[in-house]
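Results of the structural survey
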Amino acid sequence: MFEALKSKISSLSKIKEVLTEGEISLDDSSLRDTLWEFQIELMECDVALPVAERISEVLRERLIGKKRKIGTSVEEIVREAFREIVDEIFIHSLDFDEFIEKTEKPILLVFIGVNGTGKTTTIAKIAKRLLDNDYTPILASGDTFRAGAEEQLREHAERLGIRVIAHRYGADPAAVIYDAVAHARARKADVVLADTSGRMHTNVNLMDQLRKICRVNTPDLVIFVDEAIAGNDAVERAMRFEREVGIDAHILTKVDADAKGGTALSVVYETKKPIAFFGTGQRYEDLKKFSKDWFLKQFLGE
Ligand SMILES: Nc1nc2c(ncn2[C@@H]2O[C@H](COP(=O)(O)OP(=O)(O)OP(=O)(O)O)[C@@H](O)[C@H]2O)c(=O)[nH]1
Ligand SMILES: [Mg+2]
């Protein structure tokens, strides 16, 4: 996974090894060119400009600046710089399982995002994960807009053996979700997973509707679902949803579809909100809980 970024990172190690082996000193100008090229390569891997700049700054410090350790191989310096950056960015973290364990029940999780990013599929995956951990999830069919949305959710619920709360087509999603939470309270269910219809971040009315959902129901977490392959579009959309509705965490899906890796760094850097999970395929078990170590391993192969 994240092969593109991984190969860029290792190619930088090679460039610098040629430089040091040829005994060219790591003077400012040769380094500046190399780091500039690297920055462009990072951006080709969906790393947003400010993040690419920050990475290049940390590398520069480690290669010639105050953090330079004489005798350390260039490869190791590059790795250390990445570890530092990843630590810096993922200071915003969320342990989903711990959150579920410690939060008063019933817990309400609302899933939002643009069309087709994987919200409904991800809800089913999380429901399965909760069932496996002996919790009782129920689903709220808050996508009352797209034809077939409720059926899609019902199909998952039937497969998983859990309940769905739904109203008629076109109903107010805030009311559906309210109803689902009341139902969960009465039945002592643990977690309500609320689906919403996909919407463009530029659609004023539909963004209003999300604000209403949150105002009426005060979710424990608003989870923004987007694709790991969406690059800068994902960053822009995340910022917009964060500003207009408020989000608490990200889930990035379709990591298996040749995601380059940079989107994860960029969305967290820009929104300061953690990643809870990655979607890594279409099956229920294709849900990877985010961990910094796992993420680093994808790039550094450690
Ligand atoms: N390869 C891959 N496909 C995924 C992943 N997550 C979701 N999908 C697929 O993406 C497509 C859209 O998924 P949905 O869950 O319907 O997306 P949605 O966000 O609910 O879509 P709307 O309700 O129309 O906005 C489906 O074909 C899913 O199987 C993933 O992690 N990897
Ligand atoms: Mg959906």
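Shown above is the structure to which this text applies.
Below: a short report on this structure. Predicted model only: the values in this text are computed from it and were never measured.

We now examine the nonpolar core. The biggest cluster of nonpolar side chains holds 70 residues, and the ones touching the most others in it are Ile-55, Phe-90, Ile-112, Phe-278 and Phe-295. Sorting elements by how many residues they give to this core places helix H4 (residues 74–89) first, with eight residues. Among the domains, domain 1 (3–89) and domain 2 (96–289) are the pair contributing at least three residues each to this core. Discounting chain neighbours no more than four positions away, the residues touching Phe-278 are Phe-2, Leu-252, Val-255, Ala-264, Asp-286, Leu-287, Lys-288, Phe-290, Trp-294 and Phe-295.

Now for the layout of surface pockets. What the largest pocket holds in volume is close to 400 Å³. Looking at the largest pocket, it is lined by 23 residues, and the ones nearest its centre are Gly-116, Thr-117, Gly-118, Lys-119 and Thr-121. Of all the secondary-structure elements, those providing two or more residues to the lining of the largest pocket are helix H6 (119–132) and strand S4 (191–196). With five residues, H6 is the largest single contributor of residues to the lining of the largest pocket. Here the lining of the largest pocket is built from residues that sort into one nonpolar, 15 polar and seven charged. Of the pockets and cavities examined, the second largest pocket occupies roughly 210 Å³. In terms of lining, the second largest pocket is formed by Glu-104, Lys-105, Pro-106, Leu-108, Tyr-178, Val-181, Ala-182, Arg-185, Val-216, Asn-217, Thr-218 and Asp-220. Elements with a minimum of two residues in the lining of the second largest pocket: helix H8 (173–187) and helix H9 (204–217). No other element matches the four residues that H8 contributes to the lining of the second largest pocket. When the residues that make up the lining of the second largest pocket are grouped by side-chain class, the tally is six nonpolar, two polar and four charged.

Let us look at unusual backbone geometry. Residues Lys-105 and Pro-106 are joined by a peptide bond in cis, for which omega reads -5 degrees. With respect to the element layout, Pro-106 can be found in the loop between helix H5 (96–102) and strand S1 (107–112). The backbone phi angle of Asp-134 is positive, close to 65 degrees, even though this residue is not glycine. By secondary structure assignment, the location of Asp-134 is in the loop between H6 and strand S2 (137–142). Classification of Asp-134 as exposed rests on a relative accessible area of 71%.

Summed over the entire model, instances satisfying the criterion amount to 20 salt bridges. The closest approach of N and O atoms between Arg-54 and Glu-57, which form a salt bridge, is 2.8 Å. Taken as a pair, Arg-54 and Glu-57 lie in helix H3 (residues 49–64) at a separation of three residues, close to a single helical turn. With a shortest N-O distance of 2.7 Å, Asp-286 and Arg-283 are connected by a salt bridge. The network of salt bridges with shared partners includes Asp-95, Asp-97, Arg-129 and Lys-289.

Once that is clear, we can look at H9. For H9, spanning 14 residues, the distance from its first C-alpha to its last is 20 Å, which sits close to the expected 20 Å at 1.5 Å a residue. The complete set of buried residues in H9 reads Leu-206, Met-207, Leu-210, Ile-213, Cys-214 and Asn-217. With its buried residues spanning 110 degrees around the axis, H9 presents them on a single face. Of the exposed residues in H9, the ones pointing more than 90 degrees away from its buried face are Val-204, Asn-205 and Arg-215. Contact partners of the buried residues in H9: S1, H8, S4, strand S5 (221–227) and helix H10 (232–244). Where H9 begins, the side chain of Asn-203 points an oxygen toward the backbone nitrogen of Asn-205, at a separation of 3.2 Å. Directly after H9, the chain includes Thr-218, whose backbone phi takes a positive value near 35 degrees.

Before going further, it helps to spend a moment on the environment of Gly-116. Of note, Gly-116 is situated in the loop between S1 and H6. Look at Gly-116 and you get exposed, because its relative accessible area is 53%. Between the alpha carbons of Gly-116 and Asp-226 there is a distance of 8.7 Å; along the sequence they are 110 residues apart.

Over its 13 residues, H10 runs 18 Å from end to end, which matches the ideal 18 Å to within 8%, given 1.5 Å per residue. For H10, the full list of buried residues reads Ala-234, Val-235, Arg-237, Ala-238 and Phe-241. Taken from the residues just after H10, Gly-246 is the one with a positive phi, measuring 95 degrees.

Glancing now at the pairing of S2. For S2, a buried count of six out of six residues is recorded, marking the element as mostly surrounded by other parts of the structure. Judged from the six bridges that link them, S2 and S4 form a sheet pairing that is parallel. Each residue of the ladder has a partner; that of Leu-139, found in S4, is Leu-193. Sheet topology note: the S2/strand S3 (residues 163–165) ladder contains three bridges and is parallel. In the sheet register, Ala-140 faces S3, and the bridge partner there is Ile-165.

The rules we used
Residues numbered from 1 in each chain as written. Chains lettered and ligands numbered in written order. Predicted model: local features only at pLDDT ≥ 70, side-chain atom pairs only at ≥ 80, totals over all residues. Heavy atoms only, no water. Core = buried A, V, L, I, M, F, W, Y, C linked by side-chain atoms within 4.5 Å. Buried < 20%, exposed > 50% of the residue type's maximum accessible area, 1.4 Å probe, protein only. Helix = DSSP H or I, 4+ residues; strand = E, 2+ residues; numbered from the N terminus. Domains from an automatic or database assignment. Contact = heavy atoms within 4.5 Å. 1 Å grid on protein atoms, 1.4 Å probe; cavity = no way out; pocket = protein on both sides within 12 Å on 5 of 7 lines; lining within 4 Å. Points joined across faces, edges and corners; volume = space filled by probe spheres on them. Nonpolar A, V, L, I, M, F, W, Y, C, P; charged D, E, K, R; others polar. Salt bridge = Lys/Arg side-chain N within 4 Å of Asp/Glu carboxyl O. Expected span 1.5 Å × (residues − 1). Arc of directions from axis to C-beta. Polar contact = N/O pair within 3.5 Å; in protein donor to acceptor, adjacent residues only side chain to side chain. Pairing = 2+ DSSP bridges.

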